[in-house]
Structures are given as structure tokens and as C-alpha cells.
Amino acid sequence: MKERILLSLAHMGGTEKNWVDEAFRTNWIVPLGPNVDEFERRLEGYLGCGKVVALSAGTAALHLGLVMLGVGKDDEVICQSFTFSASANPICYQGAKPIFVDSEPETWNMCPIALEKAIIDRKKVTGKYPKAIIPVHLYGMPAKMDEINAIAQKYNIPVLEDAAEALGSQYKGKLCGTLGNYGAISFNGNKIITTSGGGALICPNNETAQRVKFYATQARENRPYYYHEVIGYNYRMSNVCAGIGCGQMDVLADHVARRQEIHDIYKSELSDIEGLTILDNPNCDFQSNFWLTTILISPKTGRTPDEIRVALEKENIETRLLWRPMHMQPIYQDAPYYGGNVAETLFNQGLCLPSGSSLIDEDIHRVIDAIKAQFK
Ligand SMILES: *Cc1c(COP(=O)(O)O)cnc(C)c1O
């Protein structure tokens, strides 16, 4: 059996262990500590704007983003339907109600037209506007942020970007995660860089970042005894995990470049196959990090994505179907949905290809050959 090729793996640069050893040497085996401060400083340097708070997960970052935007019981929050459940679940943690919106076919992300329809209709139905909007930069592809932000501003609704998969992606020269009011990124094991598990919330300024840190450390008021005026969370990143993150910052740019290179190899080798399309940047305003390279398989080919997945599995190659939209999930079957069948069609026709930055060209060509063999 040939060696297994996985979709996306943790990829260490080499210096991570020094930071972790330093945490052990100084006995900073706790949440908070010098590695956490350094990791936040490095992320801020990379992003070029905003204040960063390192947290235990991308999901925690999204949750605290909603807390900061004042989302509470009986509020409504608009969320892209075509995404991973972690984009939407924090809405429910707050006792609020998710309203799902379809994607547009160019970026596969939140459709601005469906977004505005949803806002207008929710106002009609409930008498008030949704409290926040969560667009997602899925698979690293930036959403149409100018259009989304313009609508958000028109109705005075804040934007919380789910940039969990999009660290290093750019929209009109600006990094994803810095394009809305708040931005969430993930350092889960399969993302662009990892801290084994972790996330960060990108905040507009120091004051909001301090407040996020307060919420993330059990909301302890500044008194000599434990005193609480609001509900807090235990969401801070550990100093050990942040050490891995500090080392990963050395290789972040390389990881992004490698994933983009892998996408280019797939594009040049697979574009000739009739009925197969690769998601690409719609124009130069969009610079995806291509966290995962994704393809669509037209029904005209007579093949389904799942058949291709099973066939590649036999070659010991891992691929994955696209995210099943939230409005098609049992947990969200009663949530209002605005749009058509774009997300549903993408789900029915799409497949994610192995794209990890540690993959060598030979691995990618093995995947390409296995796919080509399916369309002979
Ligand atoms: C990974 C991911 C998250 C959650 O991040 P975690 O760090 O795993 O909690 C949220 N949204 C999207 C789109 C993701 O891919």
C-alpha cells in the first residue's frame, strides 16, 4: 500500500519546541504567560492592524466576538449557511437565533443580495434588525467584503468575520480577519498554522481587547476577592500552546505560499478535465491562501464527488466532501433561510483535495493521477 496522503496536517517549522521548552524551564505551564504575550505581538505584527487576544479555540473567539457585540437572548444573528457548524453554534450559546444566508457562486461565500433580503425581511417579521452578521472566508477564499460591509453599514449592523480558515488570505490588499468589526481565526491542528488547538479574536482597539481578555478569564472584577458582575468564560490560550504558535509564526508566510503553490499545481493539471472546475480567485482583489483546494464535479461527468472520494480512498488518499450547509442540518432545520440553491449545489458537487503545506510535489501528482484515472 502506498503511503497515506492526508487532507491537511499540522506542519512544524522547527523552532516551536524551543518556545515550549522555555515554558517548561520557567514553569509557565498555565494560561497566560510570556509566550501568549509574544504570540499576540507577532500576530499583530503580521496583521498590521487591530489588537489580538489568543484564546483556546476559534470557536471561543467567535463566541466572545458575539459577546462583545452584545448579542443576547432573543436576538437574531445572520450567518453564512455554507460553513462549518462552529460558525453558527456560538449564536445559540448566547441564546440568540441564527438566520442563514446562501452563498454566491464566485467565492462560495455570503451572497450580498441574499444578505440584504434577509435583513429587510427580518425587520418586517420581528420589528428589529439582526444584531450581527457572520460572513465566512471558506476554504481561505475571501468573501465579497466591500458589498457585505456596505450593507452592514447601511443597516448599522456589526460584522464578525469567521476567518478561521483564512489566515494570510487577502482581500483588496488587506488581510482577512481585519475587514470587519471583529475577526476570528483558528489554530486547530489542520489549519494554516497550529497551536495544537487554539484561536484568536482580532479586536478593533486596546480597550475592546482588554474587555475580551476579561471575559476570557472568568470575568473577575478588579477586587482582592473574587467578584463577578457578568458571566465569564475560561477561554484563554495556555502558555505552552502559545509557544507552538510563536514558532509557527516563523513559517506562516511559507505555509501560505506553499498552499497557494499546491493550488497552482492542481489548477494546471486538472483544468483540462471536462466537467471539472477548480475554485480560483475571481479576480486580483481576492488572494486566497487556498487552505484547501476545492473542485466541483459536474453531474454531466456522470460521476459524484462521493464516488471520487471512495475511489481515492482506495489509493490511500484522503479527500473530503464540502461542508454540508447549516440550513440542511437537523440541528438548524427550523432556522430561517434566505437564498436559493447555490450552497446546496456546491455541497452536492464539490470535493476538497489534499492541500497541507507539508505535502511534496510528488504527493500532489499522485492525487492528480488518481483523479485523472477517474475521468478517463
Ligand atoms: C475550524 C473552524 C472554526 C472553529 O475553529 P476551532 O479552532 O476548531 O474551534 C470555525 N469556523 C470555521 C469555518 C472553521 O473552519
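Residues numbered from 1 in each chain as written. Predicted model: local features only at pLDDT ≥ 70, side-chain atom pairs only at ≥ 80, totals over all residues. Heavy atoms only, no water.

## Considerations on the site of the ligand
Here's step 1: For the ligand, the set of nearby residues contains 16 residues, the closest of which are Gly58, Thr59, Glu165, Ser186 and Lys191.
Here's step 2: Contact distances for the ligand include 2.7 Å between an oxygen atom and a side-chain N or O atom of serine 186.
Here's step 3: Lysine 191 is positioned with one of its side-chain polar atoms (N or O) 3.1 Å from an oxygen atom of the ligand.
Here's step 4: Protein contact buries 92% of the 380 Å² of open area that the ligand shows by itself.
Here's step 5: Judged by the proximity of its atoms to the pocket grid, the ligand belongs to the largest pocket.
Here's step 6: The dominant element in the shell around the ligand, judged by the number of residues it contributes, is helix 3 (residues 58-68), at 3 residues. (Near = heavy atom within 4 Å. Polar contact = N/O pair within 3.5 Å; in protein donor to acceptor, adjacent residues only side chain to side chain. Areas by Shrake-Rupley, 256 points an atom, 1.4 Å probe, with all protein chains shown as cover. 1 Å grid on protein atoms, 1.4 Å probe; cavity = no way out; pocket = protein on both sides within 12 Å on 5 of 7 lines; lining within 4 Å. Sits in = over half its atoms within 2 Å of the grid points. Helix = DSSP H or I, 4+ residues; strand = E, 2+ residues; numbered from the N terminus.)

## Observations concerning the environment of asparagine 35
Here's step 1: Here asparagine 35 shows up in helix 2 (residues 34-47).
Here's step 2: The contact partners of asparagine 35, leaving out residues within four places of it in the chain, are Trp19, Ala23, Asn239, Ala242, Gly243 and Cys246. (Contact = heavy atoms within 4.5 Å.)

## Points about helix 6 (residues 145-154)
Here's step 1: Every buried residue of helix 6 is accounted for by Met145, Ile148, Asn149, Ile151 and Ala152. Within helix 6, the buried residues cover an arc of 160 degrees as seen down the axis, which keeps them to one side. Along helix 6, exposed side chains directed more than 90 degrees from the buried face belong to Gln153 and Lys154.
Here's step 2: In this structure, the buried side of helix 6 is in contact with helix 5 (112-126), strand 4 (132-134), strand 5 (160-162) and strand 6 (170-171).
Here's step 3: Just beyond helix 6, the residue with positive phi is asparagine 156, at close to 60 degrees. (Buried < 20%, exposed > 50% of the residue type's maximum accessible area, 1.4 Å probe, protein only. Arc of directions from axis to C-beta.)

## Considerations on the domain arrangement of the chain
Here's step 1: Looking at the chain, the domain boundaries give domain 1 (16-101 + 109-251) and domain 2 (253-373).
Here's step 2: For domain 1 versus domain 2, the distance between C-alpha centres works out to 25 Å.
Here's step 3: Around 3,100 Å² of area is buried between domain 1 and domain 2 when both sides are counted, 64% of it from carbon and sulfur atoms.
Here's step 4: The tally of links between domain 1 and domain 2 comes to 0 salt bridges.
Here's step 5: Between the two partners, domain 1 and domain 2, sit 22 residue pairs in polar contact (both at pLDDT 80 or more).
Here's step 6: Those elements giving two or more residues to the side of domain 1 that touches domain 2 turn out to be helix 4 (89-93), strand 3 (97-101), helix 5 and strand 6.
Here's step 7: For the side of domain 1 that touches domain 2, the residue count by class is 22 nonpolar, 10 polar and 8 charged. (Domains from an automatic or database assignment. Buried area = accessible area lost by both parts, 1.4 Å probe. Salt bridge = Lys/Arg side-chain N within 4 Å of Asp/Glu carboxyl O. Nonpolar A, V, L, I, M, F, W, Y, C, P; charged D, E, K, R; others polar.)

## So, the nonpolar core
Considering soluble globular proteins, one finds that nonpolar side chains tend to be buried as a cluster.
Here's step 1: Of all hydrophobic cores here, the largest spans 63 residues; its most connected members are Phe39, Ile78, Phe82, Ile133, Tyr139 and Phe187.
Here's step 2: Here this core gathers at least three residues from each of two domains, domain 1 (16-101 + 109-251) and domain 2 (253-373).
Here's step 3: Setting aside chain neighbours within four positions, we find phenylalanine 82 in contact with Ser103, Trp108, Leu138, Tyr139, Leu322, Trp323, Pro325, Ala343 and Leu346.
Here's step 4: Counting residues in hydrophobic clusters, the runner-up holds 35 residues, among them Met68, Val71, Ala132 and Cys203. (Core = buried A, V, L, I, M, F, W, Y, C linked by side-chain atoms within 4.5 Å.)

## Observations concerning the sheet that holds strand 11 (residues 286-287)
Here's step 1: Judged by pairing direction, the sheet is antiparallel, and its 3 strands sit side by side in the order 7-6-11 without closing on themselves. Looking at strand neighbours, the two that pair on one side only are strand 7 (174-175) and strand 11, the edges of this open sheet.
Here's step 2: Where strand 6 and strand 11 come together, 2 bridges link them in antiparallel fashion. Paired with tyrosine 171 across the strands is phenylalanine 286, a residue of strand 11. (Pairing = 2+ DSSP bridges.)

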